[in-house]
Amino acid sequence: MIRLSNICKSFNDQVVLDQLNLTVEPEKITVIIGQSGCGKSVLLKHMIALIRPDSGQVIVDGEDITSLDEKGLNQTRKKFGMLFQDAALFDSMTVGDNVAFPLREHTRLSEKDIEEVVFEKLKLVGLTESFHKMPSELSGGMRKRVGLARAIALDPKIILFDEPTTGLDPIMKDAIDGLIMKTQELTQATCVVISHDIDSAFKIANKLAMLSDGRIVESGTPEEFQASKNPVVVNFIKGHAETNNQN
Amino acid sequence: MIRALEYTGRPFIYIFEEFGRIFTFLINAITWMVRPPLRLRLVFKQMESVGVQSIIVVLITAVFTGMVLALQTFYGFRMFGGEGLVGATVALSMTREIGPVFTGLMVTARAGSAMAAEIGTMRVTEQIDALYAMSVNPIQYLVMPRLVAGVLMLPFLTIVSDFIGIMGGYVVGVFLLNINPGIFMARMVDMVNLGDIFNGLIKSACFGLILSLIGCYKGFNTRGGAEGVGKATTQTVVLSCVSILISDYFLTAFMFR
Ligand SMILES: Nc1ncnc2c1ncn2[C@@H]1O[C@H](COP(=O)(O)OP(=O)(O)OP(=O)(O)O)[C@@H](O)[C@H]1O
Ligand SMILES: [Mg+2]
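Residues numbered from 1 in each chain as written. Chains lettered and ligands numbered in written order. Predicted model: local features only at pLDDT ≥ 70, side-chain atom pairs only at ≥ 80, totals over all residues. Heavy atoms only, no water.

J.: Is there a simple way to think about the pattern of salt bridges in this case?
T.: Proximity of charged atoms lets side chains of opposite charge pair with each other. Scanning the entire structure with this criterion turns up 21 salt bridges over all chains. Residue K157(A) is joined to D61(A) by a salt bridge in which the shortest nitrogen-to-oxygen separation is 3.7 Å. Taken together, the residues span a long stretch of sequence, with K157(A) in the loop between α5 (140-151) and β7 (158-162) and D61(A) in the loop between β4 (55-60) and β5 (63-64) at a distance of 96 residues. Residue K157(A) is classed as exposed on the basis of its relative accessible area, which comes to 51%. For R123(B), the salt bridge is made with D129(B), and the minimal N-O distance between the two is 4.0 Å. (Salt bridge = Lys/Arg side-chain N within 4 Å of Asp/Glu carboxyl O. Helix = DSSP H or I, 4+ residues; strand = E, 2+ residues; numbered from the N terminus. Buried < 20%, exposed > 50% of the residue type's maximum accessible area, 1.4 Å probe, protein only.)

J.: I keep staring at the packing of aromatic side chains and nothing clicks. Help me out?
T.: All names here are of chain B. Across all of its chains, the model carries 10 aromatic pairs over all chains by this definition. Judged by centre distance (5.2 Å) and plane angle (90°), the rings of Y170 and F184 are edge-to-face. Taken together, the positions of Y170 in helix α5 (residues 138-176) and F184 in helix α6 (residues 181-191) put the pair 14 residues apart, joining distant regions of the chain. Residue classification places Y170 among the partly exposed positions, given a relative accessible area of 23%. Summarising the aromatic geometry, the rings of Y249 and F250 are spaced 5.3 Å apart at their centres and angled 85° between planes, so their arrangement reads as edge-to-face. Across the ring face of W32, the terminal group of R35 is positioned such that the distance to the ring centre comes to 4.0 Å. When the ring centre of F220 is taken as reference, the NZ or CZ atom of R123 above it lies at 4.9 Å. (Phe/Tyr/Trp six-rings, centres within 6.5 Å; stacked < 30°, edge-to-face > 60°. Lys NZ or Arg CZ within 6 Å of the ring centre and 35° of its normal.)

J.: How should I be thinking about the side chain of T158(B) in this particular structure?
T.: Residue and element names in this part refer to chain B. The topology assignment puts T158 in helix α5. Under the relative-accessibility criterion, T158 is labelled buried at 0%. Once residues within four sequence positions are removed from consideration, T158 is found in contact with G99, P100, T103, L201 and S204. (Contact = heavy atoms within 4.5 Å.)

J.: I'm lost on the site of ligand 1 in this one. Help?
T.: Residues and elements named next belong to chain A. Q14, S36, G37, S41 and Q85 are the nearest of the 14 residues found near ligand 1. The backbone of G37 places a nitrogen or oxygen atom 2.7 Å from an oxygen atom of ligand 1. One nitrogen or oxygen atom from the side chain of H196 is found 2.8 Å from an oxygen atom belonging to ligand 1. Contact with the protein chains removes 63% of the 630 Å² of surface that ligand 1 exposes when unbound. Elements represented by at least two residues in the shell around ligand 1 include exactly β2 (14-24) and α1 (40-47). (Near = heavy atom within 4 Å. Polar contact = N/O pair within 3.5 Å; in protein donor to acceptor, adjacent residues only side chain to side chain. Areas by Shrake-Rupley, 256 points an atom, 1.4 Å probe, with all protein chains shown as cover.)

Pasting the structure below:
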């Protein structure tokens, strides 16, 4: 379980998170929605202590990770897998080596077994033929899928996805949504997904949370969200529906 | 008056703070050096990369400085009939000063800047965050191997540079200026002792540490996209070169007393 309580975070004078509270339930998929630039990525990075809050606590499995030292953090982060918004692949390594990286670092599997796992994960994201390519030879969407394969390589207990489907075509979007749900089902992982896409958010979420003005303004099940009277939420969902109708 | 003091003082305070931060960075890297895993493969890869990147430019610099040294000293020494000392002068200058310093400067330009650019790019594209997220410490994974490679490879490159520089001096002195090769060599062997060479190598190891430390530090603290990477690279070259020359004075004053 991840619990963020009273998180404040500012960059220079810009307040990004302001007394934010959020509980991520274990073994569920929580989708965080919100406008571009409202601080979703910053929020996600707090959960794995890549960004430290100015004040407040981040509790992961009962432990406050804001006060952990480097060694303790190393232990805690091993529970996590993370997909970065821009994939953050190591550009000096092939796709295969990228996905193999966490396995080589944290398991004692033989090279042959590692290759097998890598192949299996790449197959899940439909990129087996890119095994020997360098990240610079891939499209943005392909890179994102490699990042996804790397994030789930170790079958982590907690997986953070920063916009896993942004920039993908509708068919691939569906496939990745399906992959996230399937992975969660198989490994019973706690998943936090950031999404711009309301449709897929409603489809994959067990719980939704909406970030606005540095706070979680609404959280609940998809049904509760549909029924919400909060104008910010209604506007966000409706605005989305309107743009969809225009298309 | 006080404001004027504040104004002139600020850059100095900044410089001292910066050196403090670089020093802390170094201590951090050293503590990560002694923790497992040792990551020897990465160290070898960096040693190869520093060596391969720099060897050609080091060779060219060395051979031409050796040649010009021979030429200059020859014209100077001929005035009082000291042509025989050309070999000794070239060898002493190469091993004590020019070998280590020019190698340091050239490796800064090639490998130091590359370190800043590589690590800086990894910073702005979140690859360093990705390392943290995967419980791999980037100081240990990226910085430590480069520091070790810098410290180990610079003496190696300096030996090559010393040797090639003296060769260049020999060729110019003996074949072009018709100095007696026997005298050229004999005087050289007379006057250059192992201590000179050894101290030069110690200097070069220090320069190797300086340039890789600054390259890694600047890369690691890069902010602001491609522009930031460019800035970090330029700053690395300038700061490393200045630091090498300043520390050269103090190392020399300390060692060749
Ligand atoms: N390292 C940083 N330094 C300064 N400001 C930052 C930094 N990271 C984020 N910000 C600011 O914080 C705000 C939130 O950024 P964030 O990346 O979390 O947005 P987001 O909700 O993920 O947007 P998007 O949906 O477009 O990815 C932005 O206004 C950004 O300018
Ligand atoms: Mg984002």
